[in-house]
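Listed here are the chains, written in short residue letters.
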Amino acid sequence: AEDEVSLFEKDMKEFWIQFKISYGTEQNNQTSALRDLCKQTIEALSKKWSQKLKEEDPMIDKIQEYNNEIVQQSKYIAEKEEQLTEIKPKLNQEEEQQKNLNDSIQELKEELKKKMEIKSSKSNAAKEKVEQVSKIKTLFEEHLGLEMRRIHDEQLQFIFRHIDHKDPDKPYICTISINGQGDYEVTSCTPPLDCIAELQLKLRETNNFSAFVANIRKAFTALSYK
């Protein structure tokens, strides 16, 4: 714009210079010619600047269009920033809830892992006890007239014979299992023995299953003489 103003000023200066020169040398004889020259010069300048304005009109419209678009974009950005300001607390709350959920899941996993380890430990202990009983099964059957059976609910049933000298085939039965804590537990005893609770406690304390079976047999034998 400054270059165009300078150009306009230059054209006007040239016009006045020509006008003064013509006026000084042919003042009396060329008044009409000067008038025509002035008219032609003004028409030329008008045409020139009219053309420039026409060329600049689309540019002005384009600039205005860009300005309008910038205003619209600024308004859109302001609206989105306001929405983001409203959503941000909710996002923070959801993130906190997600963190708490992950922490709870991790705690449950660790708790489950501990329970599985305890269960596995108890299962191994129970398995070892069952194997211990199985190993001495043959010995008892051969020397003490003892029969062992695995019955429902993973229980072991001990059937003693050769107890009653009047009826050697009469069975004396004691059933034992391993409870949820991994301890031996007498579930039934036929005929009943008054000392069964004491023998069960001693078995839990010593873990000596062979001695327990031998003491049961002694108790049944003592009972047969009453």
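The name given to the protein in an unreviewed UniProt entry is Kinetochore protein SPC25, with the source organism recorded as Sylvia atricapilla. Reading the Sequence similarities (unreviewed entry) entry of the UniProt record for the protein gives the comment "Belongs to the SPC25 family." The Subunit (unreviewed entry) field of the UniProt record for the protein holds the comment "Component of the NDC80 complex, which is composed of ndc80, cdca1, spbc24 and spbc25. The NDC80 complex interacts with mis12 and zwint."

Caption draft 1: Summary view of the overall build of the protein. In terms of helices and strands, the protein carries 5 helices and 4 strands. Moving toward the C terminus, one meets the helices and strands of the protein in the order α-α-α-β-β-β-β-α-α. Burial analysis of the protein (226 residues in total) assigns 20% to the buried set. Considering only contacts within the protein whose residues lie at least 6 apart along the sequence, 40% involve residues at least 24 apart. Taken as a whole, the protein presents about 17300 Å² of accessible surface, with 53% of it coming from carbon and sulfur.

Caption draft 2: The side chain of Asp164, seen in detail. Examined against the element boundaries, Asp164 turns out to sit in the loop between strand S2 (155–160) and strand S3 (172–178). Buried charge without a salt bridge: Asp164, with Lys170 as the nearest opposite-charge side chain at an N-O distance of 4.4 Å. At 2.9 Å, the side chain of Asp164 and the backbone nitrogen of Lys166 are in polar contact.

Caption draft 3: Region of interest: the pattern of salt bridges. Scanning the entire structure with this criterion turns up 4 salt bridges. The salt bridge partner of Asp103 is Lys99, with a shortest N-O separation of 3.3 Å. Of this pair, Asp103 and Lys99 both sit in helix H2 (residues 31–135), separated by 4 residues, roughly a single helical turn. A salt bridge links Glu111 to Lys115; the nearest nitrogen and oxygen atoms lie 3.5 Å apart. In this pair, Glu111 and Lys115 both sit in helix H2, 4 residues apart, roughly one turn of the helix.

Caption draft 4: Seen up close, the pairing of S3. Judged by how many residues are buried, S3 sits mostly within the fold: 5 of 7 residues are covered. In this sheet, S3 lies alongside S2 in antiparallel orientation, the contact comprising 5 bridges. Paired with Gln157 across the bridge in S3 is Thr175. Pairing geometry for S3 and strand S4 (residues 184–190), over 6 bridges, is antiparallel. Bridged to Ile173 within S4 is Thr190. The hairpin formed by S3 and S4 contains 5 residues between the paired strands, and Gly182 there has a positive phi angle of roughly 85°.

Caption draft 5: Local environment of the pairing of strand S1 (residues 146–151). Pairing between S1 and S2: 6 bridges, direction antiparallel. Bridging across to S2, Glu147 finds its partner in Ile159. A loop of 3 residues connects S1 with S2, the two strands running antiparallel in sequence, and Asp153 in this loop sits at a positive phi of about 60°.

Caption draft 6: Expanded view of the packing of aromatic side chains. On inspection of all chains with the given rule, the structure shows 5 aromatic pairs. With 5.2 Å between their ring centres and 55° between their planes, Tyr172 and Phe220 make a pair best called tilted. Placement of Tyr172 in strand S3 and of Phe220 in helix H5 (residues 209–224) is noted, with a sequence separation of 48 residues between them. You can call Tyr172 buried: its relative accessible area is 2%.

Here is what the cut-offs are and how they apply
- Residues numbered from 1 in each chain as written.
- Predicted model: local features only at pLDDT ≥ 70, side-chain atom pairs only at ≥ 80, totals over all residues.
- Heavy atoms only, no water.
- UniProt positions renumbered as here; feature names shortened; annotations may be inferred.
- Helix = DSSP H or I, 4+ residues; strand = E, 2+ residues; numbered from the N terminus.
- Buried < 20%, exposed > 50% of the residue type's maximum accessible area, 1.4 Å probe, protein only.
- Contact = heavy atoms within 4.5 Å.
- Areas by Shrake-Rupley, 256 points an atom, 1.4 Å probe, with all protein chains shown as cover.
- Lys, Arg positive; Asp, Glu negative; His and termini not counted.
- Salt bridge = Lys/Arg side-chain N within 4 Å of Asp/Glu carboxyl O.
- Polar contact = N/O pair within 3.5 Å; in protein donor to acceptor, adjacent residues only side chain to side chain.
- Pairing = 2+ DSSP bridges.
- Phe/Tyr/Trp six-rings, centres within 6.5 Å; stacked < 30°, edge-to-face > 60°.

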